[in-house]
Structure formats: C-alpha cells, structure tokens
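Structure assessment
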Amino acid sequence: MAEDLVAHTMVPSTSSLWKVLYHHDWHGEAEATAQTLPVLMLHGSADLTAPLTEAQNLAKGRATRELHVRGGVDHHPWLRAPRDCLEHIEQWLSNFREQPP
C-alpha cells in the first residue's frame, strides 16, 4: 500500500488511505491478537475523530492492552502532550526489557 500511495497524487492517495485503513473494521485483527500482542493506546479524552469508547472497548478485559487517556486532549495526544506520551511509552517499553540472569 505504501508503494501505491507514493505513485499517486494527493487526492487518490488520500482516497486509498481512507478505503484501506479508515473504513476497515479492525475488530477481527484485534481479537485474533488479543492475548498475545502487547498494545499501548494513547488517547485524548476529547477526541472526536476516534471516540474514546472504542479504545476503551478494545482494552477492556485484555491484560496485553494498556490504555492511557490524557484528559482534555483531542485526537493528537502526542502533539498536545508529548512529554506525557513519551513518559508512558518509555514506561510501557521498560516492561519488555530483558532482565539479566
């Protein structure tokens, strides 16, 4: 898909992106990896583009998924609260560092 995107102008590229990624129902993939794939979700409480309830549903009851919600932030928490996001990413990644024997 990435190769296809750069071969087109902005309009067809954006159209392809919407059709392939944004209009795809990812629940099947999410369920298939629910018990094995660790996922950190950073979400803004004021996100109107991707409502918080969907992220909460994806995280609910899954030990491998962690949801961090930044209060008062919109769809771009990494732009609005970069330090907070970085701290949570670093903390989350530290769970996967190999411990010496």
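Below: a short report on this structure. (Residues numbered from 1 in each chain as written. Predicted model: local features only at pLDDT ≥ 70, side-chain atom pairs only at ≥ 80, totals over all residues. Heavy atoms only, no water.)

1. Re the overall build of the protein chain
Worth spelling out the cut-off: In this text, helices come from DSSP runs of H or I with a minimum length of four residues, and strands from runs of E with a minimum of two, each type numbered from the N-terminal end. In this analysis, two residues are considered to be in contact whenever any of their non-hydrogen atoms come within 4.5 Å of each other. What sets the accessible areas is the Shrake-Rupley method with a 1.4 Å probe; for residues, cover comes only from the shown protein chains.
Along the backbone of the protein chain there are six helices and two strands. Ordered by position in the sequence, the α and β elements of the protein chain form the string α-α-α-β-α-β-α-α. Counted over contacts in the protein chain with a minimum sequence separation of 6, partners at least 24 positions apart contribute 65%. Carbon and sulfur atoms provide 60% of the accessible area of the protein chain, an area that totals close to 7,600 Å².

2. A short note on the packing of aromatic side chains
What counts here: Stacked, edge-to-face and tilted labels apply to pairs of Phe, Tyr and Trp rings (six-membered ring for Trp) whose centres lie within 6.5 Å, assigned for plane angles under 30 degrees, over 60, and everything in between, in that order.
Here the structure, examined in full by the defined rule, presents one aromatic pair. With 4.9 Å between their ring centres and 70 degrees between their planes, Trp92 and Phe96 make a pair best called edge-to-face.

3. Some words on the side chain of His68
Counted only if it meets this: Polar contacts, as counted here, are pairs of nitrogen or oxygen atoms within 3.5 Å of one another; within protein the pair requires one atom able to donate a hydrogen and one able to accept it, and residues that are adjacent in sequence qualify only if both atoms are side-chain atoms.
Relative to the helices and strands, His68 resides in strand S2 (residues 65–70). Here Asp84 takes part through its side chain, which lies 2.8 Å from a polar atom of the side chain of His68. Non-local contacts of His68, meaning those with residues more than four positions away in its chain, are made with Met41, Leu42, His43, Asp84 and His88.

4. Topic: the pattern of salt bridges
Spelled out, the test is: Any carboxyl oxygen of Asp or Glu within 4 Å of a side-chain nitrogen of Lys or Arg constitutes a salt bridge here. To sort residues, take the accessible area from a 1.4 Å probe on protein chains only and compare it with the maximum for the residue type: under 20% means buried, over 50% means exposed, and anything in between is partly exposed.
Inspection of the entire model under this criterion finds two salt bridges. Among the salt bridges present, the one from Asp84 reaches Arg70, with a minimum N-O distance of 3.5 Å. On the criterion of sequence distance, the pair formed by Asp84 in helix H6 (residues 82–94) and Arg70 in strand S2 is long-range, its members being 14 residues apart. On the accessibility criterion, Asp84 (14% relative accessible area) is buried. Judged by its relative accessible area of 32%, Arg70 is partly exposed.

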